[in-house]
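Now for the letters of each chain:
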Amino acid sequence: MSTASPPVLSVERLRKYFPIRRGVLRRVVGHVKAVDDVTFSIARGETLSLVGESGCGKTTTSRCILRAVQPTEGSIRFLTGDGRQVDVAGLPRAELRPVRRQMQMIFQDPYSSLNPRMTISDIIAEPLLVNGIGDLDARRRRVAELLDVVQLPRAYMNRFPHAFSGGQRQRIGIARALALNPALIVADEPVSALDVSVQAQIINLMLELQERLGLSYLFVAHDLSVVKHVSHRVAVMYVGRIVEIADTATIFARPRHPYTEALLSAVPVPDPRKRAKRIVLEGEVADPSNVPAGCAFHPRCAYATERCRQEKPELRDAGGGNLVACHRAAELELRGVAAQ
Amino acid sequence: MADPILSVRGLETFFHGDEGIVRAVDGASFDLFPGRTLGIVGESGCGKSVTARSILRIVERPGRVENGSVLLRRADGSTVDLVKLDASSREMREVRGGEIGYVFQEPMSSLSAYHTIGNQLMEAIRLHRTVTKAEARDRAIELLRMVGIPRPEQRVDSYSFELSGGLRQRVMIALSLAAEPRILIADEPTTALDVTTQAQILELIRRIQEERNLAVVLITHDMGVIAEMADAVAVMYLGKVVETGPVDAIFHAPKHPYTQSLLRSIPSVLAQPLSRLATITGSIPHPFARPAGCPFHPRCPSFMPGTCDTGAPGLTRLAPDHEARCFLYDQPRETSA
Ligand SMILES: Nc1ncnc2c1ncn2[C@@H]1O[C@H](COP(=O)(O)OP(=O)(O)OP(=O)(O)O)[C@@H](O)[C@H]1O
Ligand SMILES: Nc1ncnc2c1ncn2[C@@H]1O[C@H](COP(=O)(O)OP(=O)(O)OP(=O)(O)O)[C@@H](O)[C@H]1O
Ligand code: SF4
Ligand code: SF4
Ligand SMILES: [Mg+2]
Ligand SMILES: [Mg+2]
């Protein structure tokens, strides 16, 4: 990425530990290390995807960025519209608000995220109203404009959400997220509840909006096929940590972390002529309240050595543009998935 | 090829509600063969689960199998039409869980929270076979081992909520195999799971199929899983099977416009980064607003006005094992099929 302008978002050494309390005194007996030393940045107009198995900390990372939960440690620097870099992690509530406007969220479930008693117009205009922007007339004009942007007929303005399909509701959610002209959109599994044919429409819409409006996306998804279509760069998480981060083409074609290799290998390819021997990962994801010593992935890693059981690998440059947290990154020849 | 073990013909299952009739399954036909996997694929609400429930005769009210036949070839060579059996008859109960095992979409609601997984397995074993309690327990442990559950001697006494999603789905598969069925119906067995766990479960189904010459019906909305697992495929749209064929033909020479559009619109790990996807215009109609004629016509790129919106196309045989339901191949007739 170009170094000319600072990144829109720059997350450094982010940690989020949830206390585990037991007994009548609710004493803290341990911590769920949901996010444990995560560092990444997102440039203007760029999409970074967070991928990894359930419970690896993707949602918690995005919730920290939006300050829906208070980070335990680390900084989250956001580039505001007037060119200042503010650390969202430490901002008092009152100062948070104008910054929070510039980062918006698209939710997974288009059904539960829209208030059934509000009209489409009221739903989309709500962020404007809450922030005291424009009068009634100006807000209605903006709603009409936003409906155009997400390719929904303006005539839908006065209808209620129940009359819409899943894909249409997701468009309404996107229109609402765009109302305040955000620079960053955090999308947590935005298409996983949608049918394939509708998923394609929403993915295309997100790509188009990015081009037109220069949006940056933090895209959380478990579907690596979707991730391949939407991302500039991909970060793979395992038990609260980023184990590999690289640009999309590179990480898919030439993964450098054994966990990335296994994840890619497990993805079914929609072509019966390409049935391949899959790497079937043994065992289960480690428990974030009881992370294995050394490399957290070592109990499941086919390449683990004694060193892996003792020493925690740091995320470092493994050449070819990949940042990798693996002791053996330089020597291993791992298998990716070829592009067509 | 051997004779089919299960033949579904013209199956129709409707739900009669206050707002009208939902034609959940509206003409499904396909064959299932021993040792083979039939994939049933289609988008949400197209009738995959209701098809499975119709075969097992567990459609919940107000739904009812209205027409068609489900011919099961039994172990002794005789054939029985499951549609003609009383759903709660003894014979149907023997088929359900006995000759046809099944795994459903939500493992959490299918497993009891009040009984250990061992007790649930033992009950399933003893329902279809007379064995002592001790023998049933040994058999339960053996089943857990077969589905790859570590330390089965200990796990047999645990409860489903103590297990991860992946282990729970393995228990579900063990349960479905307790009576040594010859057919397994698996309805979205991996949808709620991570890809890594999905790969484990698919591998498990493949291994057991090979060991037992099991006929498998695999229901999924995931074209990748179909490509990976199926020998033959039935594609459904709004209650109708619109195309059936060998997996290679479905992916490399699909005939029905819906199959073609669906395949073009799926994201693939093999695609170029940031490439647009082909889309199908519009969305799936509401079940009460089913379009007249061919149900796909409002979205079809090959729509022929006056033909596709007036009559319903029938299934046309394009090759011995490849059929499509579309006027591009079927001449319109006076009476609609
Ligand atoms: N409020 C909370 N209190 C305690 N633990 C939590 C809380 N929120 C999340 N966790 C735990 O933190 C870990 C990370 O959860 P998170 O939801 O971020 O995962 P994820 O990667 O988004 O998973 P998924 O793919 O299932 O959505 C999990 O072990 C989860 O149980
Ligand atoms: N109990 C019910 N009462 C009324 N309608 C029902 C009932 N169960 C299913 N339907 C309807 O029957 C149709 C087919 O549903 P079915 O569950 O078979 O779809 P599916 O293909 O399995 O979808 P999914 O991929 O979402 O699981 C849908 O329109 C659904 O709304
Ligand atoms: S550090 Fe060792 S255990 Fe961890 S991924 Fe690398 S080789 Fe495997
Ligand atoms: S019958 Fe007509 S509308 Fe239906 S799929 Fe064929 S060409 Fe398209
Ligand atoms: Mg999540
Ligand atoms: Mg279903």
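Residues numbered from 1 in each chain as written. Chains lettered and ligands numbered in written order. Predicted model: local features only at pLDDT ≥ 70, side-chain atom pairs only at ≥ 80, totals over all residues. Heavy atoms only, no water.

J.: Break down the pattern of salt bridges for me, citing the residues and quoting the values.
T.: Residues and elements named next belong to chain A. For the structure shown, the criterion picks out 39 salt bridges over all chains. Between Glu-73 and Arg-15 there is a salt bridge, with the nearest N and O atoms lying 3.4 Å from each other. Placement of the pair is Glu-73 in strand 4 (residues 73-79) and Arg-15 in strand 1 (residues 9-22), with a sequence separation of 58 residues. Beyond isolated ion pairs, a larger network of salt bridges with shared partners links Arg-13, Arg-15, Asp-36, Asp-37, Glu-73 and Arg-241. (Salt bridge = Lys/Arg side-chain N within 4 Å of Asp/Glu carboxyl O. Helix = DSSP H or I, 4+ residues; strand = E, 2+ residues; numbered from the N terminus.)

J.: How would you sum up the packing of helix 3 (residues 120-130) of chain A against helix 5 (residues 166-178) of chain A? Please name residues and give values.
T.: Residues and elements named next belong to chain A. Running from N to C, helix 3 and helix 5 point in directions that differ by 30 degrees, and their axes come no closer than 7 Å. Classified by the angle between their axes, helix 3 and helix 5 sit roughly parallel to one another. Classified by chirality, the crossing of helix 5 by helix 3 is right-handed. Along the contact surface, helix 3 presents Ile-120, Ile-123, Ile-124, Glu-126 and Pro-127, while helix 5 presents Ile-172, Ala-175 and Arg-176. (Axes fitted to C-alpha atoms, helices over the stretch in contact; angles between N-to-C directions. Parallel < 35°, antiparallel > 145°, perpendicular 65-115°, else oblique. Left-handed = near helix turned anticlockwise from the far one by under 90°. Contact = heavy atoms within 4.5 Å.)

J.: So what's going on with the nonpolar core? Which residues, and what values?
T.: Counting 73 residues, the largest nonpolar core has A:Ile174 and A:Phe252 as its most contacted members. Here this core takes eight residues from helix 6 (residues 196-213) of chain A, the largest share from any one element. Those residues in contact with A:Phe252 that lie beyond four places of it in its chain are A:Leu224, A:Val227, A:Lys228, A:Val234, A:Leu264, A:Gly336, A:Val337 and B:Val269. (Core = buried A, V, L, I, M, F, W, Y, C linked by side-chain atoms within 4.5 Å. Buried < 20%, exposed > 50% of the residue type's maximum accessible area, 1.4 Å probe, protein only.)

J.: Give a description of the site of ligand 2 that names residues and reports values.
T.: Residue and element names in this part refer to chain B. Ligand 2 sits among 15 residues. The nearest are Ser-44, Gly-45, Lys-48, Ser-49 and Val-50. Between ligand 2 and the protein, one listed contact pairs an oxygen atom with a backbone N or O atom of Cys-46 at 3.3 Å. Protein chains shield 69% of the accessible area of ligand 2, which is 640 Å² for the free molecule. Contributing elements (two or more residues each) for the shell around ligand 2: strand 2 (20-32) and helix 1 (48-56). For the shell around ligand 2, the element with the highest residue contribution is helix 1, accounting for three residues. (Near = heavy atom within 4 Å. Polar contact = N/O pair within 3.5 Å; in protein donor to acceptor, adjacent residues only side chain to side chain. Areas by Shrake-Rupley, 256 points an atom, 1.4 Å probe, with all protein chains shown as cover.)

J.: Give me the lowdown on the site of ligand 4, citing residues and values where you can.
T.: Near ligand 4 you find B:His256, B:Pro257, B:Cys294, B:His297, B:Cys300, B:Ser302, B:Cys308, B:Pro313, B:Cys326, B:Phe327 and B:Leu328, and these make up its full shell. Looking at side-chain class alone, the shell around ligand 4 contains eight nonpolar, three polar and no charged residues. (Nonpolar A, V, L, I, M, F, W, Y, C, P; charged D, E, K, R; others polar.)

J.: Which residues make up the sheet that holds strand 6 (residues 103-106) of chain A, and what are the values?
T.: Strand pairs in the sheet, formed through backbone hydrogen bonds, run parallel or antiparallel to each other. Residues and elements named next belong to chain A. Spatially, eight strands are ordered 6-7-8-3-9-10-12-11 in an open sheet, and the strand pairing comes out mixed. Two strands in the sheet have a free side with no partner beyond their single neighbour: strand 6 and strand 11 (316-317). With five bridges joining them, strand 7 (residues 184-188) and strand 8 (residues 216-220) adopt parallel strand pairing. Its bridge partner being in strand 8, Ile-185 is matched across the sheet by Tyr-217. (Pairing = 2+ DSSP bridges.)

J.: So what's going on with the pairing of strand 1 (residues 6-17) of chain B? Which residues, and what values?
T.: All names here are of chain B. In terms of strand pairing, strand 1 meets strand 4 (residues 63-73) through eight bridges, oriented antiparallel. Along strand 4, the bridge assignment pairs Phe-14 with Arg-64. Alignment of strand 1 against strand 2, held across 10 bridges, turns out to be antiparallel. Bridging from a neighbouring strand, Val-8 pairs with Phe-30 of strand 2. Where strand 1 folds back on strand 2, the antiparallel hairpin that results is connected by two residues.

J.: Summarise the sheet that holds strand 5 (residues 79-81) of chain B; cite the residues concerned and give the values.
T.: All names here are of chain B. With antiparallel pairing, four strands are arranged side by side in an open sheet as 2-1-4-5. The open sheet is flanked by strand 2 and strand 5, the only strands paired with a single partner. Direction aside, neighbouring strands of the sheet carry axes that sit 10 degrees apart on average. Sheet topology note: the strand 4/strand 5 ladder contains three bridges and is antiparallel. In the sheet register, Leu-72 faces strand 5, and the bridge partner there is Val-80.

J.: Let's hear about the environment of B:Arg155: which residues, and what values?
T.: All names here are of chain B. When you line up the elements, Arg-155 lands in helix 6 (residues 152-155). On the basis of relative accessible area, Arg-155 is assigned to the buried category, the value being 18%. For Arg-155 and Ile-141, which are 14 residues apart along the polypeptide, the C-alpha to C-alpha distance reads 8.5 Å. Residues contacting Arg-155, with those up to four places away along its chain left out, are Ile-117, Leu-144, Ile-149, Pro-150, Leu-163 and Leu-167.

J.: Tell me what's going on with the packing of aromatic side chains, and back it up with residues and numbers.
T.: Under the counting rule described, the total for this entry stands at nine aromatic pairs over all chains. Considering the side-chain rings of A:Tyr238 and A:Phe297, the 5.2 Å spacing of their centres and the 80 degrees angle between planes classify their relative orientation as edge-to-face. Of this pair, A:Tyr238 sits in strand 9 (residues 233-238) while A:Phe297 sits in the loop between helix 9 (258-266) and helix 10 (306-310), and the two are 59 residues apart along the sequence. Across the pair, exposure class does not vary: A:Tyr238 and A:Phe297 are buried alike. Here B:Tyr258 and B:Phe296 contribute two aromatic rings whose centre-to-centre distance is 5.2 Å and whose plane-to-plane angle is 70 degrees, an arrangement assigned as edge-to-face. Of this pair, B:Tyr258 sits in helix 11 (residues 257-265) while B:Phe296 is found in the loop between helix 11 and strand 11 (315-319), placing the two residues 38 residues apart along the sequence. Relative accessible area serves as the criterion here: at 0%, B:Tyr258 is assigned to the buried category. (Phe/Tyr/Trp six-rings, centres within 6.5 Å; stacked < 30°, edge-to-face > 60°.)

J.: Residue-level account of the environment of A:Lys58, with values.
T.: Residue and element names in this part refer to chain A. If you trace the backbone, Lys-58 turns up in helix 1 (residues 58-65). In this structure, Lys-58 is in contact with Leu-50, Val-51, Gly-52, Glu-53, Glu-189, Val-220, Ala-221 and Met-237, ignoring residues within four places of it in sequence. Within the structure, Lys-58 has its side chain in polar contact with the backbone oxygen of Glu-53 (distance 3.3 Å).

J.: I'd like to hear about the side chain of A:Asp195, residue by residue, with values.
T.: Looking at the element boundaries, A:Asp195 is found in the loop between strand 7 and helix 6. There is a polar contact of 2.7 Å between the side chain of A:Asp195 and the backbone nitrogen of B:Ser44. The residues touching A:Asp195, leaving out its near neighbours within four places in the chain, are B:Glu43, B:Ser44 and B:Ile284.

J.: So what about unusual backbone geometry? Which residues, and what values?
T.: Omega for the peptide link from B:Arg61 to B:Pro62 comes to 5 degrees, which places this bond in the cis form. In this structure, A:Glu189 takes a positive phi of about 50 degrees despite not being glycine. Residue position: A:Glu189 is located in the loop between strand 7 and helix 6. The phi torsion at B:Arg57 lies on the positive side, around 60 degrees, for a residue other than glycine. Turning to its location among the elements, B:Arg57 is positioned in the loop between helix 1 and strand 4.

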